[in-house]
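Structural overview for review
The primary structure of each chain is shown beneath.
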Amino acid sequence: MTALAHTAGAGTHAGGPAPGQGRRRGGIAAYLLLLPGALWLVLFFLLPLIQLFAVSLQSGFPGYPGYYYRDVNAGNYLTAITQFAGHFGRSLLYAGLATFFAFVLAYPLAYAMAFKAGRWRNVMMIAVIAPFFTSFILRTIAWRQILADEGPVARVLNTLHLLPGGRITETWVAVVAGLTYNFLPFMVLPIYASLERADPKVIEAGGDLYANGFTTFRTVTLPVSLPGVIAGTLLTFIPAAGDYVNAELLGSDRSTKMVGNVIESQFFRVLGGFPVAAALSFTLMALILAMVFVYVRRFGTEELL
Amino acid sequence: MALFSTGSSGFRRAQGDLHLEAVTKEFAAFTAVDDLSLTVPRGSFFALLGPSGCGKTTTLRMVAGLEQPTRGRVLIGDTDLTGSRPYERPVNTVFQSYALFPHLTIRDNVAFGPKRRGDADAARSAEDALELVQMSAMAGRKPAQLSGGQQQRVALARALVNRPEVLLLDEPLGALDLKLRRQMQVELKRIQTEVGLTFIHVTHDQEEAMTMADTVAVMNAGRIEQMGHPEELYDLPRTSFVANFVGQSNLGTGRITGADGHDLVVEVAGTTVRIPRDRSAVTSGPIMFGVRPEKVRISTEQPAGAGNDVKATVMDVSFTGVATQFLVTVPSGAVWGVYEQNLDVERNTIRPGDAVWLGWDSGHAFGVEADEASAEEARVAS
Ligand SMILES: Nc1ncnc2c1ncn2[C@@H]1O[C@H](COP(=O)(O)OP(=O)(O)OP(=O)(O)O)[C@@H](O)[C@H]1O
Ligand SMILES: [Mg+2]
């Protein structure tokens, strides 16, 4: 959705400044430029979405598992919500925790990159982006090794008697750690961008107007970087809430499953699970949309909406 | 951070004159401010005038605490502020780039300082300050919704509202149109006299510096070239840089050939001129002779009681209403300017190409050290 807004903005700009007669042609040019993007979205986003919605209302053919007929069966949604409420709650909770931890880790990092790194800035930037060069799955499997019962982390914690359950993998801690790790760059980059764009004189003005280091951070630096924080939290929370890889690879079979895992199993492993899987997908989307809407409203940055 | 603060980490209630003692600021190998010493009396209006890049902003930043001097000390009264943090100093800055808080309304921008200092009536003070700069009507807007000039006025209000011991203004009127600029100059001067704060006003508009300040310091390449009352500075420049940067000067390089009573006799490109001994920065050897354009008389006949006259050729005549401005070529090849007020009933009949005589009262002449390089520099800068 962000991508859509961006394309539209760029298109309007391209046509904007042309004066007089050029304006009309510029307007058409803008729409022409929008066309490929719009077509792409209609073909690969809008149509599948409608299809998915139709599926979510289908009913199974009695006596023929795996066969469906077109219907308006809201029962699928009822099943999705009642039967899998726990998974929804877990998804939002884990995504929320991961977003929080990613923020706590990312802000100091982005701050250091923007203000303290000097000539190390580019090196740090590469370090943040470099993990993208290896597969997401591979990196998550690597975390399984790192957090494994016989791995270094679990062993150290066990020696210190700091691990009540005796292990990290197959617990929510591992899932949240994986989510945090995987989405960290999406938090770092927007925050870094907004800090880097901030006028250093504005931050100096805080000091000049009797605010000490911490007060200046609280009343000037942080608010100035708020658009980046909001973008980062959205970019982390939204995909994390729908993620299933981390719960699959790092979590347990029972107690840490997220909605993504249920959707996956309903689609691929439960015969006749298609409509419920689609209903689950739609419900998750609606939930996230509602939360994002409230969140962005609450922190009101005009730049995002 | 705490490294710098000496004991108490709170606000310093320093009072008195501002002293810079042999302050030097080096950025790597580059010296931006070079062994600068000055005293600004409490409650005075001090202007720092100089070309771009001469170290004005750096000097202000050291007073504000945003930059620490490499060497030297900054004091207000007897309190040594060197090394203290910006928020500990009774000093506020109007930044060259405004630096308003983009996320706060104009009202909150102005109330920021008072709030930090625990002023219970911060909102009230902010309203008053906005009133002062005629920005009350826009108190609810964000900085991005204001024009450059409006932002500048808000920046002024945001600093003024704190009634600091020293207020630093870094080209605070640069973005204003001429009318508003004049209006704000008067307003600033009024505020300064009214509240009795020490103002340090950086500008490269020499007229602004001259009309507003009690003392003007002319800065060049990290040093103060000359400092004094505006009239004094204009009447008797002590370096060729000042002669060119503050107002305009007709200059000629020559050599001192002797003395005649209180005057030095100077030979400039074959012409003999006189400079009062106490108006010359050098007393022997090469010298740069100077006289201000409005002190020079132009006429078609050789003036009587000569000794200070030059034959010249008119290049250009421009009528400006109150005055006529001539550009003439003197024998040395230099181009001089002459301003004549249009006092006579008869119209001026001098036309380009005419041969004329220039004359002046030798009491207006001045002599500075002959230094082509700096004269050239100043001419380019001004
Ligand atoms: N942080 C810095 N690092 C290196 N050089 C600097 C730094 N700050 C300023 N300088 C240099 O110091 C010199 C003086 O800069 P300063 O900003 O004080 O000039 P200024 O007199 O305020 O000029 P202007 O009228 O253009 O604002 C300049 O040559 C500038 O390049
Ligand atoms: Mg400057």
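So, here is what we can say about the structure in this document. Quantities reported herein were computed from a predicted structural model and do not represent experimental measurements. (Residues numbered from 1 in each chain as written. Chains lettered and ligands numbered in written order. Predicted model: local features only at pLDDT ≥ 70, side-chain atom pairs only at ≥ 80, totals over all residues. Heavy atoms only, no water.)

So, about the sheet that holds strand 5 (residues 79-80) of chain B. Residue and element names in this part refer to chain B. In spatial order, the strands read 2-1-4-5; together these 4 strands make up an open sheet with antiparallel pairing. Bordering the open sheet on either side are strand 2 (30-40) and strand 5, each of which pairs with just one other strand. Strand direction decides the pairing type here: strand 1 (residues 18-27) and strand 4 (residues 71-76), joined by 5 bridges, are antiparallel. Opposite His19, over in strand 4, you have Leu75 as the bridge partner. (Pairing = 2+ DSSP bridges. Helix = DSSP H or I, 4+ residues; strand = E, 2+ residues; numbered from the N terminus.)

Residue and element names in this part refer to chain B. Residues in contact with ligand 1 amount to 13 residues; listed here are only the nearest, Ser52, Gly53, Lys56, Thr57 and Thr58. A distance of 2.7 Å is found between an oxygen atom of ligand 1 and a side-chain nitrogen or oxygen belonging to Lys56. In this structure, Gln96 approaches ligand 1 through a side-chain N or O atom, which is 3.0 Å from an oxygen atom. When ligand 1 is considered free in solution it has 640 Å² of accessible area, and contact with the protein chains removes 63% of it. Mapped by element, the contributors of at least two residues to the shell around ligand 1 are strand 2 and helix 1 (56-64). Counting residues per element, the shell around ligand 1 draws most heavily on helix 1, which supplies 3 residues. Class assignment of the residues belonging to the shell around ligand 1 gives a composition of 4 nonpolar, 7 polar and 2 charged. (Near = heavy atom within 4 Å. Polar contact = N/O pair within 3.5 Å; in protein donor to acceptor, adjacent residues only side chain to side chain. Areas by Shrake-Rupley, 256 points an atom, 1.4 Å probe, with all protein chains shown as cover. Nonpolar A, V, L, I, M, F, W, Y, C, P; charged D, E, K, R; others polar.)

A few words now on the sheet that holds strand 16 (residues 309-319) of chain B. Residue and element names in this part refer to chain B. An order of 15-19-16-17-18 is seen for the 5 strands of this open sheet, with the pairing classed as antiparallel. Of all the strands in the sheet, the pair left with one neighbour each is strand 15 (297-299) and strand 18 (335-341). Direction aside, the axes of adjacent strands within the sheet are offset by 45 degrees on average. As paired strands, strand 15 and strand 19 (residues 355-359) are joined by 3 bridges and run antiparallel to one another. Its bridge partner lying in strand 19, Ser299 is registered against Trp357. (Axes fitted to C-alpha atoms, helices over the stretch in contact; angles between N-to-C directions.)

On to the environment of Ile129 of chain A. Residues and elements named next belong to chain A. Within the secondary structure layout, Ile129 lies in helix 5 (residues 121-129). Judged by relative accessible area, which is 31%, Ile129 ranks as partly exposed. Residues Ile129 and Leu189, 60 residues apart in the sequence, show an inter-C-alpha distance of 9.0 Å. (Buried < 20%, exposed > 50% of the residue type's maximum accessible area, 1.4 Å probe, protein only.)

Moving on: the packing of aromatic side chains. Describing an aromatic ring pair means giving the distance of the ring centres and the angle of the ring planes. With the rule as written, the count across this model stands at 23 aromatic pairs over all chains. For the ring pair Tyr111 of chain A and Phe217 of chain A, a centre distance of 6.2 Å and an interplane angle of 75 degrees mean the geometry is edge-to-face. Taken as a pair, Tyr111 of chain A in helix 4 (residues 85-116) and Phe217 of chain A in helix 10 (residues 213-224) lie far apart in primary sequence, 106 residues in all. Taking the centre distance of 5.3 Å and the plane angle of 50 degrees together, the rings of Trp143 of chain A and Tyr181 of chain A count as tilted. Taken together, the residues Trp143 of chain A in helix 6 (residues 136-147) and Tyr181 of chain A in helix 8 (residues 172-197) connect sequence positions 38 residues apart. Tyr181 of chain A gets classed as partly exposed once you look at its relative accessible area, which sits at 24%. Taken together, Phe103, Tyr107, Tyr111, Phe115 and Phe217 of chain A form an aromatic cluster joined through their ring pairs. Sitting above the plane of the Phe299 of chain A ring, Arg298 of chain A keeps its charged end 4.8 Å from the centroid. If you follow Arg117 of chain B out to its NZ or CZ, it ends over the ring of Tyr210 of chain A, 4.6 Å from the centre. (Phe/Tyr/Trp six-rings, centres within 6.5 Å; stacked < 30°, edge-to-face > 60°. Lys NZ or Arg CZ within 6 Å of the ring centre and 35° of its normal.)

In short, geometric facts, not functional conclusions.
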